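Close look at the chain arrangement
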Amino acid sequence: MRMMLDDPELTRRSPGEEFALAHARYGPKAAVELRASISDLFPPAKRRPRLTVRHLLRKAVVDADEVTVFTERAENVAPDDAAPEWKFEVGARTVRTQTIRAAVPVPAEILADPAALAAFVDYRLLVRLGTAENDALLNGSGDIRGLLRTPGIRHREPGAADRSAAATLLATAALCEWYGGSADGIVMHPDDWWPLVDDGAFLERLATQGVKVSRTRMVPPGTALVGDFTAAATLLDRRSSTIWLAGEELVAEIREGLAVHLPGHFVLATLPGRR
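Described in the following lines is the structure provided in the data block. (Residues numbered from 1 in each chain as written. Predicted model: local features only at pLDDT ≥ 70, side-chain atom pairs only at ≥ 80, totals over all residues. Heavy atoms only, no water.)

**Focus: the pattern of salt bridges**
Scanning the entire structure with this criterion turns up 10 salt bridges. In this structure, the salt-bridge partner of D237 is R54, at a minimum N-O distance of 3.3 Å. Placement of D237 in strand β11 (residues 233-246) and of R54 in helix α2 (residues 53-56) is noted, with a sequence separation of 183 residues between them. The buried category is assigned to D237, whose relative accessible area is 3%. For the salt bridge of R54 with E256, the shortest nitrogen-to-oxygen distance reads 3.0 Å. Taken together, the residues span a long stretch of sequence, with R54 in helix α2 and E256 in strand β12 (residues 249-260) at a distance of 202 residues. Comparing R54 with E256, the two get one shared label, buried. One continuous salt-bridge network, built from bridges that share partners, spans D40, R54, E133, D237 and E256. (Salt bridge = Lys/Arg side-chain N within 4 Å of Asp/Glu carboxyl O. Helix = DSSP H or I, 4+ residues; strand = E, 2+ residues; numbered from the N terminus. Buried < 20%, exposed > 50% of the residue type's maximum accessible area, 1.4 Å probe, protein only.)

Next up, the structure:
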């Protein structure tokens, strides 16, 4: 039985609490529809913020399966040449929204305890969903091509002056501006992010410049995607989620799309020593 509870925007209860209430009422037939993007609502994020890819992107709430968006790209420009924006080729394309899904087996003992079930949804199912979303936004899934697979993004190999990952990241951020962008986000693997903590001042300086860093296993180690996430892409958010029980698995879905307007504003950098 699909139902929309009295707090579909989750202003008072968590996704897990909403589903546990539905399951207590209707048992295995319960499926909760929510007017929220539940991948935003992982509880530990409130006390130890860890940005996902969605947190870097500009968001637009949409109510259609297909959305028309603008595109711009620099044509016939060498990778290391500046591209004047008045020479960009302007166009439009249709972007489809789609479902991103994650599932996790749930023990019968958890289903029998509403408090345990709520915690299981909030702390385990939402983790699986966030991972699936990161993978889709970076590597693609269905109609979402993924930032790393989008034609037109640029690539940068370490130069002679790149003596460290920090130097490479700064040089790559500067390269974003050659196409008129202003780097405000970086996605990198945890293996490459944690060594930067050794120089805490570097991450603080990035934050001062408005650059947010997301770490995820969904980007290859030894690389970093640097870009103007705010101007170059939009997360098309249906703000619609569903949680239900399918046999012995809990399933969560969100519906969204990814519009890349300016692929040249993204640069995938190879970090020194990791080629």
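**Digging into the environment of T131**
Looking at where T131 falls in the secondary structure, it is placed in helix α4 (residues 114-139). A relative accessible area of 28% places T131 in the partly exposed class. As a C-alpha pair, T131 and S39 span 92 residues in sequence and 9.1 Å in three-dimensional space. Sequence-distant contacts of T131, that is, excluding residues within four places in its chain, are made with R217 and M218. (Contact = heavy atoms within 4.5 Å.)

**A short note on the packing of aromatic side chains**
Two measures describe an aromatic ring pair: the distance that separates the ring centres and the angle between the ring planes. Under the criterion given, the structure shown has 3 aromatic pairs. Aromatic pair W193 and W194: ring centres 4.7 Å apart, planes at 90°, arrangement edge-to-face. Judged by centre distance (5.0 Å) and plane angle (85°), the rings of F229 and F266 are edge-to-face. Placement of F229 in helix α8 (residues 229-232) and of F266 in strand β13 (residues 266-270) is noted, with a sequence separation of 37 residues between them. One exposure class covers both F229 and F266, and it is buried. Sitting over the face of the ring of Y179, R154 holds its NZ or CZ atom 3.7 Å from the ring centroid. The ring of W193 has R215 lying over it, and the distance from NZ or CZ to the ring centre is 4.1 Å. (Phe/Tyr/Trp six-rings, centres within 6.5 Å; stacked < 30°, edge-to-face > 60°. Lys NZ or Arg CZ within 6 Å of the ring centre and 35° of its normal.)

**Describing the packing of helix α1 (residues 15-26) against α4**
Taken N-terminus to C-terminus, the directions of α1 and α4 make an angle of 135°; their axes are 8 Å apart at the nearest point. Between α1 and α4, the angle falls in the class oblique. In this structure, the crossing between α1 and α4 has a hand that is right-handed. Seen from α1, the contacting residues are P15, G16, E17, F19, A20 and H23; seen from α4, they are P114, L117, A118, V121, D122 and L126. Of the residues belonging to the contact of α1 with α4, the class tally is 8 nonpolar, 2 polar and 2 charged. (Axes fitted to C-alpha atoms, helices over the stretch in contact; angles between N-to-C directions. Parallel < 35°, antiparallel > 145°, perpendicular 65-115°, else oblique. Left-handed = near helix turned anticlockwise from the far one by under 90°. Nonpolar A, V, L, I, M, F, W, Y, C, P; charged D, E, K, R; others polar.)

**Some remarks on a positive patch on the surface**
Residues R47, R48, R50 and R217 make up a contiguous surface patch of positive charge. Within the fold, R47 resides in the loop between β2 (31-34) and α2. Exposure remark for R47: the relative accessible area of 69% places this residue in the exposed category. (Patch = residues over 30% accessible without salt bridge, like charges linked within 9 Å, V, L, I, M, F, W, Y side chains within 5 Å. Areas by Shrake-Rupley, 256 points an atom, 1.4 Å probe, with all protein chains shown as cover. Lys, Arg positive; Asp, Glu negative; His and termini not counted. Charge placed at Lys NZ, Arg CZ, Asp CG, Glu CD.)

**Concerning the packing of helix α6 (residues 190-197) against helix α7 (residues 200-208)**
At a minimum axis separation of 6 Å, α6 and α7 run at an interaxial angle of 105°. With respect to their mutual orientation, α6 and α7 come out roughly perpendicular. Contact residues: α6 offers W193, L196 and V197, while α7 offers G200, F202 and L203. By residue class, the composition of the contact of α6 with α7 is 5 nonpolar, 1 polar and no charged.

**Overview of the sheet that holds strand β8 (residues 185-188)**
One open sheet holds the 5 strands; their spatial order is β7-β13-β10-β8-β9, and the pairing between them is mixed. The open sheet has two edge strands with one neighbour each: β7 (154-156) and β9 (212-215). Each strand axis lies, on average, 20° off the axis of its neighbour in the sheet, ignoring direction. When β8 meets strand β10 (residues 223-227), the two strands line up antiparallel, connected through 4 bridges. Bridging across to β10, G185 finds its partner in G227. (Pairing = 2+ DSSP bridges.)

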